[in-house]
Amino acid sequence: MVSENFKVTPWEVEGEVDYGKLIEEFGINVIDTKLLERIKKHTGGELHPYLERGIFFAHRDLDKLLDAYEKGEKFYIYTGRGPSQDMHLGHLLPFVFVKWLQDKFGCEVWIQISDDEKFLFKEKTIDQIKKQAEIDILNILAVGFDSEKTIIVSDFKHISVMYETACEIAKKLNFSNVKATFGFNNKTNIGAIFYPAVQMVLAVLPSKIYKKNILCLIPYGIDQDPYFRLQRDINEKMGFYKPVCLAGVFLPGLQGPTGKMSSSDSSSAIFLDDTPEEVANKIKKYAFSGGQPTIEEHRIKGGNPDIDTCFQYLKLFFEPDNAKLQEIYNNYKSGKMLTSELKIYTIKKINDFLEKFRQQREAIQPRVNEFLYSEEKINKNRKIYET
Ligand code: TRP
């Protein structure tokens, strides 16, 4: 979508994103409290902050997914990552959320590594992309996915399993229809034009492989919506359920409440391999503050947590405890808590998270192959869907 103040396509996010407008334009529904209560029934009363606090905020057919699940039907999750640049927190956190869903619903998770996409769309060589893919896979697995129920598909490596289905999908899409949706023009290379079919494949492929109509839940950043919006009708035409969409907002960059965390701007992003000192320096130097210019003024007027980057990070993910979050909110707003104190608290939370993450990453390194797509894995997992 391109509007006066912002732009959101799968390859470009710019300006101040108006999520209300996107919802309207994309024809997607807001997740309401009724739906959240329903989810809670299946998660032991717990809600991941990403749901509770509106990070994953929009859906299509989530209610239908729950209807089916309540009747004992299984579903799988499909999500992915395009390896082009080092991962930052905004890239990793959705995978933490997906792992939570896997734990709660016991479902299979298919993760696409769209190395082909990044080769086609970015100024990178195949070798650079492949190297980045290896690093990214390790980062993704470090969040703790279940090795039996998780399948990584790399487009370059596993295209033979996907190609027939990609062609079936591609044949149902004509250029004039997808051009505007994806922002293609006559200069777009033809690999890029075919690529959407490849990203859409996994919304239907497991059903074909397991020879059973299986519901697919796709969590993604809202910029990826065009693929799955289109794939819904195609799935149906192919005789399968429409995929269920779960769309999320972008993690804000350090410098303000409206921009997106971006790899190409190191002062806006916290990378997974930033040292504790780097994290501290970035937060101190760049994190947009909702506080007052002087301590005296801050004590009198108080800060504004709603525009403060540190508070937003705590809210989005790093302070799961609702009572504690509310306390920080109140203290910051009243001026009792200073910007420097809020920053120190946030730095510690992020560094603790990253330290644990890096330990888990080291532990999983020798086991990466267990997660990669193989016929053996498929043959084992077939039983998940036998009832
Ligand atoms: N295109 C996504 C990116 O640029 C990666 C991706 C591939 C993806 N398949 C997906 C994301 C499915 C969400 C769901 O990072």
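This structure is a prediction, so every number in the text was calculated from the model and none was measured. (Residues numbered from 1 in each chain as written. Predicted model: local features only at pLDDT ≥ 70, side-chain atom pairs only at ≥ 80, totals over all residues. Heavy atoms only, no water.)

Q: Would you explain the state of the cysteines in this entry?
A: Such a bond, covalent and formed between the sulfur atoms of two cysteines, is termed a disulfide. Under the criterion given, the structure shown has zero disulfides. Of all cysteine sulfurs, the one in cysteine 216 lies closest to cysteine 107, which takes part in no disulfide; the gap is 10 Å. Assessed through its relative accessible area of 2%, cysteine 107 is described here as buried. Cysteine 167 carries a free sulfur, and the closest cysteine sulfur to it, the one in cysteine 216, is 20 Å from it. (Disulfide = S-S within 2.5 Å. Buried < 20%, exposed > 50% of the residue type's maximum accessible area, 1.4 Å probe, protein only.)

Q: Explain the sheet that holds strand 4 (residues 56–60) here, please?
A: The strands making up a sheet associate through backbone hydrogen bonding, with each pair oriented either parallel or antiparallel. With mixed pairing, the seven strands of this open sheet are ordered in space as 3-4-9-8-5-6-7. On the outer flanks of this sheet lie strand 3 (29–30) and strand 7 (150–154), each paired with one strand and no other. With three bridges joining them, strand 5 (residues 75–81) and strand 8 (residues 215–221) adopt parallel strand pairing. Counterpart to phenylalanine 75 in the pairing with strand 8 is leucine 215. Its contacts with the sheet put helix 12 (residues 225–237) on strand 4, strand 5, strand 8 and strand 9 (244–248), and the angle it makes with strand 8 is roughly 160 degrees. (Pairing = 2+ DSSP bridges. Helix = DSSP H or I, 4+ residues; strand = E, 2+ residues; numbered from the N terminus. Contact = heavy atoms within 4.5 Å. Axes fitted to C-alpha atoms, helices over the stretch in contact; angles between N-to-C directions.)

Q: Hey, could you run me through the nonpolar core in this one?
A: The nonpolar side chains of a soluble globular protein tend to be buried, and buried together. Counting residues in each nonpolar core, the largest one holds 76 residues, and the members touching the most others are Leu89, Phe145 and Ile270. Of the residues forming this core, the biggest block, ten residues, is contributed by helix 5 (residues 89–105). Mapping this core onto the domain boundaries places at least three of its residues in each of domain 1 (6–254) and domain 2 (266–362). What phenylalanine 145 contacts, discounting residues up to four positions off in sequence, is Phe95, Val98, Lys99, Gln102, Val109, Ile111, Ile140, Thr150 and Phe371. (Core = buried A, V, L, I, M, F, W, Y, C linked by side-chain atoms within 4.5 Å. Domains from an automatic or database assignment.)

Q: How do you make sense of the side chain of serine 147 when you look at a structure like this?
A: Mapped onto the elements, serine 147 comes out in the loop between helix 7 (126–141) and strand 7. Only 3.3 Å separates the side chain of serine 147 from the side chain of arginine 367, close enough to count as a polar contact. Setting aside chain neighbours within four positions, we find serine 147 in contact with Arg367, Glu370, Phe371 and Lys377. (Polar contact = N/O pair within 3.5 Å; in protein donor to acceptor, adjacent residues only side chain to side chain.)

Q: I'm lost on unusual backbone geometry in this one. Help?
A: Peptide bonds are mostly trans, and most non-glycine residues show a negative phi. The phi dihedral of aspartate 61 is positive, around 70 degrees, even though this residue is not glycine. One non-glycine residue, lysine 211, lies in the positive phi region at around 55 degrees.

Q: Looking at this structure, how should I read a negative patch on the surface?
A: Taken together, the side chains of Glu16, Asp18, Glu24 and Glu25 make up a negatively charged region of the molecular surface. Residue position: glutamate 16 is located in the loop between strand 2 (12–15) and helix 1 (19–26). (Patch = residues over 30% accessible without salt bridge, like charges linked within 9 Å, V, L, I, M, F, W, Y side chains within 5 Å. Areas by Shrake-Rupley, 256 points an atom, 1.4 Å probe, with all protein chains shown as cover. Salt bridge = Lys/Arg side-chain N within 4 Å of Asp/Glu carboxyl O. Lys, Arg positive; Asp, Glu negative; His and termini not counted. Charge placed at Lys NZ, Arg CZ, Asp CG, Glu CD.)

Q: How should the site of the ligand be read in this particular structure?
A: Near the ligand, the surroundings consist of 14 residues, among which Tyr78, Gln112, Glu117, Gln199 and Gln224 are the closest. Here a nitrogen atom of the ligand sits 2.8 Å away from a polar atom, N or O, in the side chain of glutamate 117. Here a nitrogen atom of the ligand sits 2.9 Å away from a polar atom, N or O, in the side chain of glutamine 224. With the chains in place, 91% of the 360 Å² that the ligand exposes on its own is no longer accessible. Sorting elements by how many residues they give to the shell around the ligand places strand 5 first, with four residues. Taken together, the residues of the shell around the ligand sort by class into four nonpolar, seven polar and three charged. (Near = heavy atom within 4 Å. Nonpolar A, V, L, I, M, F, W, Y, C, P; charged D, E, K, R; others polar.)

Q: Explain the pattern of salt bridges to me, please; I cannot follow it from the model alone.
A: Opposite charge on two side chains makes pairing possible when the charged atoms of those side chains draw close. Enumeration according to the criterion identifies 22 salt bridges in this entry. Notably, a salt bridge pairs glutamate 297 with lysine 301, separated by 2.9 Å at the nearest N-O pair. Here lysine 301 and glutamate 297 lie together in helix 14 (residues 295–301), a separation of four residues that amounts to about one turn. Given a relative accessible area of 27%, glutamate 297 falls into the partly exposed group. For lysine 324, the salt bridge goes to glutamate 327, with nearest N and O atoms at 3.9 Å. On the criterion of helical spacing, the pair formed by lysine 324 and glutamate 327 is a turn pair, its members being three residues apart in helix 16 (residues 322–334). We classify lysine 324 as partly exposed; its relative accessible area is 27%.

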